[in-house]
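# Breakdown of the fold
Read off the chains here:
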Amino acid sequence: MKIVYAICFAYLWAGSVTSSWLDALNLPLYFQQLSDFLQNPMANSWIPTFILDTDHPWLSANRRWLESYPDGASSLCDKSSPLWTSPSSGREIPTDLFHRINIDNNKAGVNRLGWYNAVSRLSELRDCAAALEDIRHLHVYIYVHSGQYSDPLVDPKMPPELPGLFAEVLARMPHLQRLDWGLDAKDTVSFREEFVRRSLTLPGVRHLVLGAQSHYLLPMCPSLETLEAGSFFHHASWNSGYRESRDSRLELVRTASAVSSLKEFLMLDNDWTTEKLEEVLGAMPNLLKFTMQGSLGGDRDWREDSSSEGGRLLRECLSVISKFAKLEQLHLPDSSELDLGFDGGHWCGNAYMGESGRRYGRSVVKDSIDATELAGNIVMEAIPHLNILSIGGTQANFTRNERSELEIVWPWTGRKEEYISEIYPL
C-alpha cells in the first residue's frame, strides 16, 4: 500500500513542476520528505517527531488517545493546559517525558538526512516551552550521509542557520545537565565559531560527552563535573586518522584546564604514556574518578619482553596517577593491555571451540586472573588510598585482615577453579 501511495505522490509531483522549478528545488530535501512519507504515509500524527523520538513508554501506551486530543500539539507543549493540570485518570503525563531529547539520525529504524533532521527537530523543540524547561539530557548525533557504501541518501551542505539555531535552543534549556555532542570534526568548527560569537554559556551542564575537535564546549560549561571522550562509542569522529584523533585528545585534555570543577574523566587512548598522564594531571588535578580505556604505550613494542620487566609501563604510569591527591576511583583497561606479559589469548572464536578449545579457554581465563591480580597488587602498592579499583570492568573489593592489612578480594578469590568452570565447563 505504501508503494502505491509513493508512486502516486511522485507522479503527481513530477507532473506539476516545470524545469525552472526543478533547477531551484532542493532535491535532497525532497527525497528526504519522500523517504519520510514512505516510512509512514498514513500516520499524519500531529505529535512532533522530537517527542516521538524519545521512545518514552508513556507515548507507546497513550499515543492513540493523545492524537485524538483537541489542540494536542500546543497542549502538550504548554504546562498550563488541562492536559497537564487536570489530566484524565490514568493519563497523567510523566514528569520525565522530556528529560532526554534525541537529535539523532544514526539510530536503528531512523533513515533521515543528518542536517535536515537536526533543523527539523530543533525547529519543533524551539516551539515547545514545556520540553525546553524540562530537558536534562540532550543527545546529539548528526550522521552526514555521503552516498558511499550503497547509501541512497546524500546530505546537502550544512544549512548556514543551523549553528545559530542550536545556540538559540541550547540557551533556552535552563535545566540541561548532560550534553552528548556528536558531530564530525570537519563540521563542528562552524558551531564553535557561532557559539563563541554568541558567548554561549551552559551553566547547568555537569556531564559532557564529546566527539573529536569539540573541546571548545568545555569553557562554556563552568559547572562541568564529568567529561567523556575518545571512543567510537562516544562518536565515530574519534576513529578518524591516527594523528588527527591523537591531536584531538591532547587538545581536549589541555582545554579541560579551563574548568576547575571537573571531578570525573573518561577517555579511550590506545597509547597511554606518562607524558599524556602528566598532561591530564596538569589540566585536571582534582579528579576523584579517572577511567582509562585503551592500552598502555600502544605505539611501543613492549609485548615481546614485558614479562621480564614485571609491568614496567604500568608502574611508570602509576607513578604519575599517584599524584592525583584526591583520586578515589581508578578504572584501568583489561589486564592484557597493562604491560604484564599477558596478551589476552587468541582473538579467533574457533580457538575456543570443542574440548581442546575449552581447555585453551580455561588457560586464558587463568592467565587473565593472574595478570589482573598482579595489576591490582601493583596499583594498591602505588596508590593505597583508593576506594574503588576496577581492571577491565572487573571491580575489586578492599578489606582489612585481622592484622589491619589491606587485602584485595576479586570475584574469584577463594574459588578460582569454580569461577573458571563457570566460564568454560569441563
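Residues numbered from 1 in each chain as written. Predicted model: local features only at pLDDT ≥ 70, side-chain atom pairs only at ≥ 80, totals over all residues. Heavy atoms only, no water.

## Looking at the overall build of the chain
Within the chain, the regular secondary structure consists of 16 helices and 11 strands. Expressed as a percentage of the 426 residues in the chain, the buried residues total 46%. Counting only contacts in the chain whose residues sit at least 6 apart along the sequence, the fraction spanning at least 24 positions is 69%. With an accessible surface of roughly 21,500 Å², the chain has 52% of that area assigned to carbon and sulfur atoms. (Helix = DSSP H or I, 4+ residues; strand = E, 2+ residues; numbered from the N terminus. Buried < 20%, exposed > 50% of the residue type's maximum accessible area, 1.4 Å probe, protein only. Contact = heavy atoms within 4.5 Å. Areas by Shrake-Rupley, 256 points an atom, 1.4 Å probe, with all protein chains shown as cover.)

## A short note on the side chain of N102
Checked against the element boundaries, N102 lands in strand β1 (residues 100-104). Here the side chain of N102 touches R100 through a polar contact of 2.8 Å, side chain to side chain. Once residues within four sequence positions are removed from consideration, N102 is found in contact with D53, T54, K107 and H139. (Polar contact = N/O pair within 3.5 Å; in protein donor to acceptor, adjacent residues only side chain to side chain.)

## A word on the side chain of T226
As for its position among the elements, T226 is in strand β5 (residues 226-229). Only 3.4 Å separates the side chain of T226 from the side chain of E264, close enough to count as a polar contact. Ignoring any residue separated from it by four or fewer positions in sequence, one finds T226 in contact with R206, H207, L208, L262 and E264.

## Observations concerning the packing of aromatic side chains
Under the defined criterion, the tally for this structure stands at 17 aromatic pairs. Here W58 and W65 contribute two aromatic rings whose centre-to-centre distance is 6.5 Å and whose plane-to-plane angle is 85°, an arrangement assigned as edge-to-face. Of the two residues, W58 and W65, neither departs from the other in class, the shared state being buried. An aromatic cluster is defined as three or more aromatic residues linked by ring pairs; in this entry it consists of F166, W181, F191, F195 and Y216. In this structure, K79 packs its charged tip against the face of W84, placed 5.0 Å from the ring centre. (Phe/Tyr/Trp six-rings, centres within 6.5 Å; stacked < 30°, edge-to-face > 60°. Lys NZ or Arg CZ within 6 Å of the ring centre and 35° of its normal.)

## Topic: unusual backbone geometry
Even without a glycine there, the phi angle at D55 is positive, about 55°. Tracing the backbone through its elements, the reader meets D55 in the loop between α4 (49-52) and α5 (57-67). One non-glycine residue, Q213, lies in positive phi territory at about 70°. For Q213, the location among the structural elements is in the loop between β4 (207-210) and β5.

## With respect to the state of the cysteines
The tally for this structure, following the rule as stated, stands at one disulfide. The disulfide that involves C77 links it to C128, with 2.2 Å between the sulfurs. Between C77 and C128, the disulfide has an S-S torsion of -100° and is therefore left-handed. Of the two residues, C77 sits in the loop between α6 (72-76) and α7 (82-85) while C128 sits in the loop between α8 (114-126) and α9 (129-134), which places them 51 residues apart along the sequence. Among the residues examined, C128 registers a relative accessible area of 0% and is labelled buried. (Disulfide = S-S within 2.5 Å.)

## Considerations on helix α10 (residues 162-170)
Counting buried positions along α10 gives eight out of nine residues, so the element sits mostly inside the fold. Of the positions making up α10, those classed as buried are L162, P163, G164, L165, F166, A167, V169 and L170. Where α10 is buried, its residues meet β1, α8, α9, β2 (137-141), β3 (178-182) and α11 (185-197).

## What to know about the packing of helix α15 (residues 354-382) against helix α16 (residues 416-423)
When two helices pack together, their arrangement is captured by the angle between the axes and the distance separating the axes. Contact geometry of α15 with α16 gives a least axis separation of 10 Å together with a crossing angle of 130°. When the interaxial angle is binned, α15 and α16 end up oblique. Considering how the two elements wind past one another, α15 and α16 form a crossing that is right-handed. Contact with α15, carried on its side by R362, V365, K366, I369, D370 and E373, involves K416, E417, Y419, I420, S421 and I423 of α16 and no other residues of that element. (Axes fitted to C-alpha atoms, helices over the stretch in contact; angles between N-to-C directions. Parallel < 35°, antiparallel > 145°, perpendicular 65-115°, else oblique. Left-handed = near helix turned anticlockwise from the far one by under 90°.)

## As for the pairing of β4
In β4, alternate side chains face the same way, and those of H207 and V209 on one face and L208 and L210 on the other are all buried. Pairing between β3 and β4: four bridges, direction parallel. Opposite R178, over in β4, you have H207 as the bridge partner. Regarding the hand of the β-α-β motif, the stretch spanning β3, α11 and β4 is right-handed. Direction of pairing for β4 relative to β5: parallel, over a ladder of three bridges. Of the residues in β5, the one forming a bridge with L208 is L227. (Pairing = 2+ DSSP bridges. Right-handed = clockwise from strand over helix to strand, strands pointing away.)

## Observations concerning the pattern of salt bridges
Counted by the stated rule, this structure contains 23 salt bridges. One salt bridge in this structure joins R112 and D53, with 2.8 Å as the shortest N-O distance. Placement of the pair is R112 in the loop between β1 and α8 and D53 in the loop between α4 and α5, with a sequence separation of 59 residues. Across this residue pair, the class does not change: R112 and D53 are buried. When the shortest N-O distance is used, the salt bridge between D271 and K276 registers 3.7 Å. Each of the two residues, D271 as well as K276, counts as buried. In the salt-bridge network here, residues are joined through shared partners; they are R126, E168 and R172. (Salt bridge = Lys/Arg side-chain N within 4 Å of Asp/Glu carboxyl O.)

So, to be careful, I would describe these as geometric facts and stop short of saying anything about function.
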